[in-house]
Amino acid sequence: MTNPASDLRDLAAWAGYCAEWIGESVGAPNGGRTHATRTISFEAATFDDFLIGLRRLGPELDRLAQVVERPRLRLVSGGRA
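Heads up: these notes are all about the structure in this document. Quick caveat, the model's predicted, so the values are computed rather than measured.

Conventions we followed
Residues numbered from 1 in each chain as written. Predicted model: local features only at pLDDT ≥ 70, side-chain atom pairs only at ≥ 80, totals over all residues. Heavy atoms only, no water. Patch = residues over 30% accessible without salt bridge, like charges linked within 9 Å, V, L, I, M, F, W, Y side chains within 5 Å. Areas by Shrake-Rupley, 256 points an atom, 1.4 Å probe, with all protein chains shown as cover. Salt bridge = Lys/Arg side-chain N within 4 Å of Asp/Glu carboxyl O. Helix = DSSP H or I, 4+ residues; strand = E, 2+ residues; numbered from the N terminus. Core = buried A, V, L, I, M, F, W, Y, C linked by side-chain atoms within 4.5 Å. Buried < 20%, exposed > 50% of the residue type's maximum accessible area, 1.4 Å probe, protein only. Expected span 1.5 Å × (residues − 1).

Moving on: a nonpolar patch on the surface. Taken together, the side chains of L64, V67 and V68 present a nonpolar region at the surface, about 210 Å² in accessible area. On the secondary structure map, L64 appears in helix α2 (residues 44–69).

With that settled, consider the nonpolar core. By size, the foremost hydrophobic cluster in this structure holds 7 residues: A15, C18, A19, I22, F47, L51 and L54. It is helix α1 (residues 4–27) that contributes the most residues to this core, 4 residues altogether. A5, L8, A12 and A65 belong to the second largest nonpolar core, which has 5 residues in total.

In this model, α2 (26 residues) spans 38 Å end to end at C-alpha, consistent with the 38 Å of a helix rising 1.5 Å per residue. Buried residues of α2: F47, L51, L54, G58, L61 and A65, and no others.

This part is about the pattern of salt bridges. Summed over the entire model, instances satisfying the criterion amount to 3 salt bridges. The salt bridge partner of D62 is R9, with a shortest N-O separation of 3.0 Å. Of this pair, D62 sits in helix α2 while R9 is found in helix α1, placing the two residues 53 residues apart along the sequence. R9 sits in the partly exposed class, given a relative accessible area of 29%. Of the charged contacts, one joins R55 and E20 as a salt bridge, the two residues approaching to 3.0 Å between their closest N and O atoms. Residue R55 is located in helix α2, and its partner E20 is located in helix α1; the two are separated by 35 residues in the primary sequence. Using a relative accessible area of 37% as the deciding quantity, one classes R55 as partly exposed.

Next up, the structure:
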């Protein structure tokens with residue numbers, strides 16, 4: 001069985017890597033690229049919003065992993081939480 005916090009951190013690292021890779025690959029000029037590279041059209045503002053959201057995903061997943069590792073429990077008098 002895997003640790004959920006570790007899985008979240010792995011996903012966070014993957015999201016950060018993907019955001020950088022997409023930003024460099026799609027945002028770069030086509031000069032010097034191989035024939036296998038395709039030029040795509042996109043609205044720059046929408047693409048930037050997508051990358052910003054993807055970059056934010058990593059830190060949010062890391063924050064969630066911390067909560068999963070150290071859940072906050074409140075003890076209530078009477079024996080119920």
